[in-house]
Amino acid sequence: MAQFDLIILGPPGAGKGTQASGIVETYGVPHISTGDMLRDAVKNQTAMGLEAKKYMDKGELVPDEVVIGIVRDRLQQPDTSKGFLLDGFPRTIPQAEALDQMLAGIERNVGKVIAILVNDEALVKRLTGRRICRDCQAPVHVVFNPPKVEGICDKCGGELYQRDDDTEATVRNRLEVYRQQTEPLIEYYDKQSVIARIDGDQAPGAVLEDVKAAIGPVL
Ligand code: AP5
Ligand code: MG
């Protein structure tokens, strides 16, 4: 049992990225966000990034084999030896099965899946008002969580920008894709008895307290 082999799951805008910074600070595990890794590949204009962007801009999922390959490589890095926080992966049943196989190969298994639940109308408001740091990718919100200086990241001083997939039409498609392809993972992990359902409709600090209670004390 790997208590700190963690997954944060939830619809677009649930607060996965927001909560991830508090979780990795508390438990000292690396934050592995497939969305951030794909956006890096887009920024660097790699062949994979340019291909992935076609799916991302429409709010569709990048093909399983591409994302599974990215995660397989990342989990081989030594900083994952004591645990990790996966954000945005797995997102389909085949991805979850591939992850189970990868972990079984190193005699580990998923320790806890944190499912952050928020209603759809709140999600649309969160995403259309979100800004992201170009350098450290930390999210803020123009109304709910504004930066101290407009347009500048509080954490690293980087420039804030709006993600190409945060338009209302794309957000609604991302929510639909989530319901169809990703939500079934809640039942998948229920069967493994590793899921913790967290009410994401609270202030970020209150959500983090519930998340930490679900994961358990730092060793
Ligand atoms: P990804 O980057 O994973 O995006 P997502 O799942 O759509 O989730 P978001 O990052 O939009 O939301 P979040 O939950 O992190 O919320 P955040 O903390 O920022 O994926 C993007 C795309 O990449 C996908 O569509 C797909 O194309 C591709 N992709 C990635 N992984 C893939 C995979 N495994 N397979 C295939 N394709 C993949 O918060 C949102 C906003 O709300 C912020 O403004 C924040 O300040 C605010 N906020 C946060 N918490 C609160 C709160 N408690 N109260 C009020 N406001 C809050
Ligand atoms: Mg995110």
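Residues numbered from 1 in each chain as written. Chains lettered and ligands numbered in written order. Predicted model: local features only at pLDDT ≥ 70, side-chain atom pairs only at ≥ 80, totals over all residues. Heavy atoms only, no water.

Caption draft 1: Fine view of the pairing of strand 5 (residues 130-133). One ladder, built from three bridges, connects strand 5 with strand 6 (residues 139-141); its direction is antiparallel. Paired with Arg-130 across the two strands is His-141, which belongs to strand 6. Adjacent in sequence and paired antiparallel, strand 5 and strand 6 are bridged by five residues, among which Gln-137 carries a positive phi angle near 65°. Across two bridges, strand 5 lies against strand 7 (residues 160-161) in antiparallel orientation. Within the sheet, the bridge partner assigned to Cys-133 lies in strand 7 and is Leu-160. (Pairing = 2+ DSSP bridges. Helix = DSSP H or I, 4+ residues; strand = E, 2+ residues; numbered from the N terminus.)

Caption draft 2: Geometry of helix 6 (residues 120-128). Within the sequence span of helix 6, burial applies to Ala-122, Leu-123, Val-124, Arg-126 and Leu-127. The secondary structure elements touched by the buried residues of helix 6 are strand 5, strand 6 and helix 7 (168-182). Capping the start of helix 6 is the job of one residue whose side-chain oxygen sits 3.2 Å from the backbone nitrogen of Glu-121: Asn-119. (Buried < 20%, exposed > 50% of the residue type's maximum accessible area, 1.4 Å probe, protein only. Contact = heavy atoms within 4.5 Å. Polar contact = N/O pair within 3.5 Å; in protein donor to acceptor, adjacent residues only side chain to side chain.)

Caption draft 3: Summary view of the side chain of Thr-92. With respect to the helices and strands, the residue Thr-92 is situated in the loop between strand 3 (84-87) and helix 5 (93-105). Not counting residues within four places of it along the chain, the set of residues in contact with Thr-92 comprises Leu-61, Asp-64, Gln-181 and Leu-185.

Function cannot be read off these values alone, since they describe shape.
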